[in-house]
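# A look at the structure
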Amino acid sequence: SSQRVDMTQPKLRFSGDMRGRHEYSDNRLKPDRQRTRIRLRLAAEADLNDSTTLHMRFATGGDNPTSTNFTLGDSFSRKEFGLDRAYASHQFTQQQRVFLGKMKNPYKRVGGHGILFDSDLNPEGLAWQYSGSAWQSTLGAFYLDERSDDDNIMLYAAQLGIQQAFSDSHLQLGVGYYDYDHLQGAMPIYQNKQLGNRFDSHNRLINDFNIAELYAQYDVSHFPKPL
């Protein structure tokens, strides 16, 4: 007897990338600014079995949830390198998957733009996703702040979309709802920064945030470049 070993999908896969860029900023209200920024990311995936995979990624950028860049020029100091993703994915069926941990954003970002979610944001919690030929839905519950002396600040999010492919184009329509629980009356949840939100005299958020989303995306491929 003989056995065939499939080497096309190894149990352990590594990947990584590095990027550098130089920025020049000319602001009439501030002095001109020049800076060079670098990003380094190293990732690995490990298949536990045919349906369960562990995902991990390390990246520069410190603890900023929406950026993995660091700026050169801090007295030659060492730059921060930390855990960017750490989650497990399990595929129940060909269409259904569940994610647990600090995960790659499971929600559709329309056009790949950060209208609701920054591209570097990796939410933390539990998500379930259904992906069919026409329909796609994602449900999730995520921790924004775990508090020992009060209720946790949570994000409960749902998104439902439909897609239709044509001969040379593709249409996507969808709705979403994002409910931040126990956010009203909380202190700033990241580095004690208000970030343009309204706060009372005790530095607590005045408003809750419940966001409704409607989206449409139409892709056309028969022009010289994608539209």
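Refer to the structure above for everything that follows.
These lines cover the structure that appears in this document, whether it is placed above or below. (Residues numbered from 1 in each chain as written. Predicted model: local features only at pLDDT ≥ 70, side-chain atom pairs only at ≥ 80, totals over all residues. Heavy atoms only, no water.)

### With respect to the overall build of the protein chain
Within the protein chain one finds zero helices and 11 strands. Secondary structure elements of the protein chain occur, N-terminal to C-terminal, as β-β-β-β-β-β-β-β-β-β-β. For the protein chain, the C-alpha atoms occupy an extent of roughly 70 × 50 × 40 Å along the three principal directions. Across the 227 residues in the protein chain, those meeting the buried criterion constitute 29%. For the protein chain, the exposed area adds up to about 15800 Å²; of that, 53% sits on carbon and sulfur atoms. (Helix = DSSP H or I, 4+ residues; strand = E, 2+ residues; numbered from the N terminus. Buried < 20%, exposed > 50% of the residue type's maximum accessible area, 1.4 Å probe, protein only. Areas by Shrake-Rupley, 256 points an atom, 1.4 Å probe, with all protein chains shown as cover.)

### Some points on the pattern of salt bridges
Oppositely charged side chains can form a pair if their charged atoms are brought close together. With the rule as written, the count across this model stands at nine salt bridges. In this structure, Glu-23 engages Arg-21 in a salt bridge whose closest nitrogen and oxygen atoms are separated by 2.7 Å. Asp-84 is the partner of Arg-57 in a salt bridge, and the nearest nitrogen-oxygen pair spans 2.6 Å. Of this pair, Arg-57 sits in strand S3 (residues 52-60) while Asp-84 sits in strand S5 (residues 81-91), placing them 27 residues apart in sequence. On the basis of relative accessible area, Arg-57 is assigned to the buried category, the value being 12%. A network of salt bridges, in which partner residues are shared, links Arg-13, Glu-45 and Asp-47. (Salt bridge = Lys/Arg side-chain N within 4 Å of Asp/Glu carboxyl O.)

### Brief notes about the pairing of S3
Summarising the sheet, strand S2 (residues 33-47) and S3 pair through seven bridges and their orientation is antiparallel. From the neighbouring strand, Ala-44 faces S3, where its bridge partner is Met-56. Pairing between S3 and S5: nine bridges, direction antiparallel. When the bridges of S5 are listed, Thr-60 appears paired with Phe-81. (Pairing = 2+ DSSP bridges.)

### Remarks on the packing of aromatic side chains
Applying the stated rule across the entire model yields six aromatic pairs. Between the aromatic rings of Tyr-107 and Tyr-178, the centroid separation amounts to 6.0 Å while the plane-to-plane angle is 70 degrees, which identifies the pairing as edge-to-face. Of this pair, Tyr-107 sits in the loop between strand S6 (96-102) and strand S7 (124-131) while Tyr-178 sits in strand S10 (residues 169-181); the two residues are 71 residues apart in sequence, bridging distant segments of the chain. The class for Tyr-178 is buried, based on a relative accessible area of 2%. Put simply, the rings of Tyr-107, Phe-117, Phe-142 and Tyr-178 pair up and form one aromatic cluster. (Phe/Tyr/Trp six-rings, centres within 6.5 Å; stacked < 30°, edge-to-face > 60°.)

### Describing the nonpolar core
Membership of the largest hydrophobic core comes to 16 residues, with the highest contact counts inside it found for Met-103, Tyr-107, Phe-142, Leu-155, Ala-157 and Tyr-178. When residues of this core are assigned to their parent elements, the largest contribution, three residues, is made by strand S9 (residues 153-165). Setting aside chain neighbours within four positions, we find Leu-155 in contact with Gly-140, Ala-141, Phe-142, Leu-144, Tyr-178, Asp-179 and Tyr-180. (Core = buried A, V, L, I, M, F, W, Y, C linked by side-chain atoms within 4.5 Å. Contact = heavy atoms within 4.5 Å.)

### Observations regarding the side chain of Asp-84
Residue classification places Asp-84 among the buried residues on the basis of a relative accessible area of 9%. Setting aside its immediate chain neighbours within four residues, Asp-84 contacts Arg-57, Phe-58, Ala-59, Thr-68, Lys-102 and Asn-122.

### Describing the environment of Tyr-107
Its relative accessible area of 4% is what places Tyr-107 among the buried residues. C-alpha of Tyr-107 to C-alpha of Ala-158: the two residues are 51 residues apart in sequence and 8.6 Å apart in space. Non-local contacts of Tyr-107, meaning those with residues more than four positions away in its chain, are made with Phe-117, Thr-138, Leu-139, Gly-140, Phe-142, Ala-157, Ala-158, Gln-159 and Tyr-178. Among the polar contacts made by the side chain of Tyr-107, one reaches the main-chain amide nitrogen of Gly-140 at a distance of 3.0 Å. (Polar contact = N/O pair within 3.5 Å; in protein donor to acceptor, adjacent residues only side chain to side chain.)

### Points about the environment of Ser-221
Here Ser-221 shows up in the segment after strand S11 (210-220). Residues Ser-221 and Arg-204, spaced 17 residues apart in sequence, show a C-alpha to C-alpha distance of 49 Å.

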